[in-house]
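Next come the chains, spelled out residue by residue.
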Amino acid sequence: MTTTSPWSQHSTPVTVPAPPPAGNLPPAPGPVPPPGIPGPAGFRPPRPPRRPWGWIVLALLLAVGVAAGVGSTVTYVALRNDRAASTPSSLRSASPSSAPATPQFSPAQLDAAKQHLCQVFDVSVRGQEGQGGFRVEGTLNVPLTLRAVNSATAVQNALVPAVPVDVATPARKYISTTMDLTTAAMGNTPTPEVNRLTDLEADAIYALIDACGLPR
C-alpha cells in the first residue's frame, strides 16, 4: 500500500506494510480467571516462583544446633568457675597425692591402748591349751573353734590406731593365723594341714604374749 505524507515538501510515496489477513492473527490473551473459577480450554495460569523452603529449614536447624552448643559451653564454664570459686584455697593448693598426716598420741594413750588389747587377748586365750585340738578323731572341736574365733574378733576390735607398733604387728599375725586355722578346721581341709596351721597359731600366740609381757 502506497500513501503520500502531508508534511513533506515533496510528495514522496511511503510504503506501509499491509496488515496480515484476518485468519492469521494470534489470539489475544484473555483475562486471568479468579481463583476457584476454571479458565478457558488450554489456559494455564502462571506458576508462582518456588521458595527455597528446604534451605530455610536447614539453616534454622543449623542455627538451633549452634545456639545449643554455645549454651552448653557457657553453662559448663560457668559451673566450673563456680566450683573453683567455692573450693577453699587450702584444698585447691593441696596435692592429691599427699598422704594424710599420721595421728600423734600421747604416751598415756599408747600405754592405755596396749594394756586394753593385751587384757582382751589374755582373757580370750587362757585355757585353750587344755581343750584338745581343733579336730578330735576327725570331728570338729566346736567349743575350741568358737572360742578361737571369738578371741580373734575381740583382739581385732581392740586393735585401735593408738596401739604401739611392737604390739600391733604380732596382734595382726595372731588374728590372721587364727582365722586361717578355724576356717580350715571347719572346712574339708585335710587334718595334716590343720595341724600345721595349729602350730603357726601357737607361735603367733607366744609372740603376742611376749609383746604384751604376759606370763606363759
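Check the entry above for the structure.
Calculation criteria
Residues numbered from 1 in each chain as written. Predicted model: local features only at pLDDT ≥ 70, side-chain atom pairs only at ≥ 80, totals over all residues. Heavy atoms only, no water. Axes fitted to C-alpha atoms, helices over the stretch in contact; angles between N-to-C directions. Helix = DSSP H or I, 4+ residues; strand = E, 2+ residues; numbered from the N terminus. Parallel < 35°, antiparallel > 145°, perpendicular 65-115°, else oblique. Left-handed = near helix turned anticlockwise from the far one by under 90°. Contact = heavy atoms within 4.5 Å. Nonpolar A, V, L, I, M, F, W, Y, C, P; charged D, E, K, R; others polar. Disulfide = S-S within 2.5 Å. Buried < 20%, exposed > 50% of the residue type's maximum accessible area, 1.4 Å probe, protein only. Phe/Tyr/Trp six-rings, centres within 6.5 Å; stacked < 30°, edge-to-face > 60°. Core = buried A, V, L, I, M, F, W, Y, C linked by side-chain atoms within 4.5 Å.

*Asks:* Residues and numbers for the packing of helix α5 (residues 165-186) against helix α6 (residues 191-212), please.
*Replies:* Interaxial distance between α5 and α6 falls to 8 Å at its minimum, and their mutual angle equals 155°. Comparing their axes, α6 and α5 come out roughly antiparallel. For α5 against α6, the interelement crossing comes out left-handed. Contact residues: Asp-166, Val-167, Pro-170, Ala-171, Lys-173, Tyr-174, Thr-177, Thr-178, Asp-180, Leu-181, Ala-184 and Ala-185 in α5; Val-194, Leu-197, Thr-198, Leu-200, Glu-201, Ala-204, Ile-205, Ala-207, Leu-208, Ala-211 and Cys-212 in α6. Here the residues of the contact of α5 with α6 sort into 16 nonpolar, 3 polar and 4 charged.

*Asks:* Now, about the state of the cysteines: what can you tell me, with residues and values included?
*Replies:* Overall, the coordinates contain 1 disulfide when judged by the stated rule. Through a disulfide, Cys-118 is tied to Cys-212; the S-S separation comes to 2.1 Å. Across the S-S bond linking Cys-118 and Cys-212, the dihedral sits near -80°, which makes this disulfide left-handed. Remark: Cys-212 occurs in helix α6 and Cys-118 occurs in helix α3 (residues 107-125); sequence separation between them is 94 residues. Across the pair, exposure class does not vary: Cys-118 and Cys-212 are buried alike.

*Asks:* Before we move on, could you go through the packing of aromatic side chains and cite the residues and values that matter?
*Replies:* With the rule as written, the count across this model stands at 1 aromatic pair. Ring geometry for Phe-121 against Tyr-174: centres 5.1 Å apart, planes inclined by 75°, an arrangement best described as edge-to-face. Residue Phe-121 is located in helix α3, and its partner Tyr-174 is located in helix α5; the two are separated by 53 residues in the primary sequence. The same class applies to Phe-121 as to Tyr-174, namely buried.

*Asks:* Before we move on, can you summarise the nonpolar core with the specific residues and values?
*Replies:* Counting 21 residues, the largest nonpolar core has Leu-117, Phe-121, Tyr-174 and Leu-208 as its most contacted members. Those elements that place two or more of their residues in this core are α3, α4 (142-158), α5 and α6. Residue contacts for Leu-117: discarding those within four places in its chain leaves Val-155, Ala-158, Leu-159, Val-163, Val-167, Ala-171 and Leu-208. One finds Phe-134, Leu-181, Ala-185 and Val-194 within the second-largest nonpolar core, a separate group that totals 8 residues.

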